[in-house]
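Structure at a glance
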There are 2 protein chains.
Amino acid sequence: MSDRTKLRRKPDRAVTARTAIDAVLDEGLGVHVGLITGSDTGVHPVVIPMLYARDGDHLLLHESPASCLLRTAKKGAEICVTVTLLDGQVLARSGLRHSMNYRSVVVMGKTVVVTDYDEKVQALDRFVDHVIPGRVAAIRPVTATEVRNTTGLALSLKECSMKERTGPPIDDDEDMAEDTWAGLIPLGISAGGPLPGEDTSGESVPAYVADWARGPGLANGRGG
Amino acid sequence: MSDRTKLRRKPDRAVTARTAIDAVLDEGLGVHVGLITGSDTGVHPVVIPMLYARDGDHLLLHESPASCLLRTAKKGAEICVTVTLLDGQVLARSGLRHSMNYRSVVVMGKTVVVTDYDEKVQALDRFVDHVIPGRVAAIRPVTATEVRNTTGLALSLKECSMKERTGPPIDDDEDMAEDTWAGLIPLGISAGGPLPGEDTSGESVPAYVADWARGPGLANGRGG
């Protein structure tokens, strides 16, 4: 944690354990990447949803060489990457005490372009296995052309922070007598049954795909 | 749409219908707000998850008077608000063709502080009914003190853009003979059964809460 990732607002929601941070990063399916970009009317922030993966102490992002993120990142600009998991609706007795249970990780820093060939291959494989563990083993290896035409960006987890809200609604004492149902509605990402592509409709769904879709990998995203 | 919200990357994924944009904004449960902030080491982007609501042609954000967003917004700074719904995992035959189906809306601009008392009350009610339609009617009205201690920010939808990916994986011709299952796994947010708070455990769950948790409000978030 650095001075700028230290939580000033609601510090009681801060989580500092690296294992908890890694768990959020490994469970999330997408990130929101913030960067500063310029136009005729001055600089302004942009927030882009992207796929990602974690590899040890780094987040990996991958981009076409034409992308705005890549141009910005190559200039050594700072970015901010946020992963948020929504765990529940918090229904309190008063409107202002309504909230959500969530876990959220913010990572700040400058990205490094992954240039080493083997590291690029490993990064591309990490993206695929982040989607569905076991998938890399089931598909053909990446080709040299694919590796050449893709750019991997790595962002160190050195500057990261986590915030969460858990538990039931917290009402003011004077509202406790209100005749209003209060409580939690747990939320999570759930998957429907796999839909085969046109040319695989005759084949059975592989076990690692069916297992993932049944949701054990998402189970800890549900609850209060 | 303005010049800076015009999509340059993958313009085939652009959606311009305002009804589609509103549907994403009404279905989303949280936004990621990007802003530019300063520290001893220079300016950098920050991306914060927040609750929100839509009211006609504006997004509403609400904040404690102490928040970083509010300080930044009051200076007339530009922000970027992104809402992303994840609709499916796209499993292709090659690693690089893996993707996600999603709908994503980006809104850019400067926020306006809501100062009119009645407009503030309406904004606070919109937040609550965005969480669960029908909830405002079931809770006590906001008090004058609550209205005074909260700041509502409104962001016009004038500068917004939407992107989506739908449909099955798209493989290169030379990969179609690969012996690999390819297809979609639909994703959506799902809710567990409502968990009553300590003092409501004897009461039955109201119909509008139970209905929401059964998911019809989220149903269009599932699928390919």
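Rules behind the numbers
Residues numbered from 1 in each chain as written. Chains lettered and ligands numbered in written order. Predicted model: local features only at pLDDT ≥ 70, side-chain atom pairs only at ≥ 80, totals over all residues. Heavy atoms only, no water. Contact = heavy atoms within 4.5 Å. Buried area = accessible area lost by both parts, 1.4 Å probe. Salt bridge = Lys/Arg side-chain N within 4 Å of Asp/Glu carboxyl O. Polar contact = N/O pair within 3.5 Å; in protein donor to acceptor, adjacent residues only side chain to side chain. Helix = DSSP H or I, 4+ residues; strand = E, 2+ residues; numbered from the N terminus. Nonpolar A, V, L, I, M, F, W, Y, C, P; charged D, E, K, R; others polar. Pairing = 2+ DSSP bridges. pLDDT = per-residue confidence, 0-100. Core = buried A, V, L, I, M, F, W, Y, C linked by side-chain atoms within 4.5 Å. Buried < 20%, exposed > 50% of the residue type's maximum accessible area, 1.4 Å probe, protein only. Arc of directions from axis to C-beta. Least-squares fit on C-alpha atoms with pLDDT ≥ 70 in both. Axes fitted to C-alpha atoms, helices over the stretch in contact; angles between N-to-C directions. Patch = residues over 30% accessible without salt bridge, like charges linked within 9 Å, V, L, I, M, F, W, Y side chains within 5 Å. Areas by Shrake-Rupley, 256 points an atom, 1.4 Å probe, with all protein chains shown as cover. Lys, Arg positive; Asp, Glu negative; His and termini not counted. Charge placed at Lys NZ, Arg CZ, Asp CG, Glu CD.

**Re the interface of chain A and chain B**
The partner chain B presents 82 residues to the 81 residues of chain A that form the contact. Between chain A and chain B, the buried area comes to about 6,900 Å², and carbon and sulfur atoms account for 66% of it. Here chain A and chain B share two salt bridges between them. Here B:Asp175 makes a salt bridge to A:Arg140, at a shortest N to O gap of 2.7 Å. For the pair chain A and chain B, the interface holds 24 residue pairs in polar contact (both at pLDDT 80 or more). Where the side of chain A that touches chain B is concerned, the elements lending two or more residues are β2 (31-39), β3 (42-50), β6 (78-91), β7 (99-110), α3 (117-131), β11 (183-191), β12 (195-196) and α5 (207-214) of chain A. Of the residues belonging to the side of chain A that touches chain B, the class tally is 43 nonpolar, 26 polar and 12 charged. Here β12(A) pairs with strand β11 (residues 183-191) of chain B via two bridges, running antiparallel.

**So, the confidence of the model for chain A**
All names here are of chain A. Of all residues in chain A, 90% have pLDDT values of 70 or greater, and the mean over the chain is 88. The model gives residues 216-224 a pLDDT under 50, and that stretch makes 26 contacts with residues more than four places away or in other chains. The ipTM, which scores confidence in the relative placement of chains, is 0.91 for this predicted complex, and the corresponding pTM is 0.92.

**Let's talk about the nonpolar core**
In this structure, A:Val33, A:Leu61, B:Val33 and B:Leu61 are the most contacted members of the largest nonpolar core, which totals 60 residues. Not counting residues within four places of it along the chain, the set of residues in contact with B:Leu61 comprises B:Val31, B:Val33, B:Met50, B:Leu51, B:Tyr52, B:Leu69, B:Ile79, B:Val81, B:Phe127, B:Thr151, B:Gly152 and B:Leu153.

**Considerations on α5(A)**
A:Val209, A:Ala210, A:Trp212 and A:Ala213 are the residues of α5(A) that are buried. Around the axis of α5(A), the buried residues are gathered within 160 degrees of arc, so they sit on the same side. In α5(A), those exposed residues whose orientation departs by more than 90 degrees from the buried face are A:Ala207 and A:Arg214. For α5(A), the elements touching its buried residues are α3 and β11 of chain A together with β6 (78-91) and β11 of chain B.

**Regarding the relation of the copies chain A and chain B**
Laying chain A over chain B is done by rotating through 180 degrees and shifting 0.0 Å along the axis; what remains is an RMSD of 0.0 Å. The symmetry that links the two subunits is that of a two-fold axis. Scanning chain A for the C-alpha nearest the rotation axis identifies A:Ile189, at a separation of 2.3 Å. With an isologous cut-off of 70% or more, the 100% of interface residues of chain A that recur at the interface of chain B puts this contact in the isologous class.

**Some points on the sheet that holds strand β8 (residues 112-114) of chain B**
Residues and elements named next belong to chain B. Read across the open sheet, the four strands follow the order β4-β5-β9-β8; overall the sheet is antiparallel. With partners counted over all chains shown, the strands left at the sheet margins are β4 (53-55) and β8, one partner each. Averaged over all neighbouring strand pairs, the angle between strand axes comes to 40 degrees, with direction disregarded. The sheet contact formed by β4 and strand β5 (residues 58-63) spans three bridges and is antiparallel. Across the sheet, residue Ala53 finds its bridge partner in β5, namely Leu60.

**What about a negative patch on the surface?**
On the surface, A:Asp179, B:Glu198, B:Asp199 and B:Glu203 cluster together into a negatively charged patch. Position of A:Asp179 relative to the elements: it lies in the loop between β10 (160-165) and β11. A relative accessible area of 70% means that A:Asp179 is categorised as exposed.

**Considering the environment of B:Arg4**
Residues and elements named next belong to chain B. By the element assignment, Arg4 lies in the segment before β1 (14-15). On the basis of relative accessibility, which here comes to 16%, the residue Arg4 falls in the buried class. Along the primary structure Arg4 and Glu159 are separated by 155 residues, whereas in three dimensions their C-alpha atoms are 8.3 Å apart.

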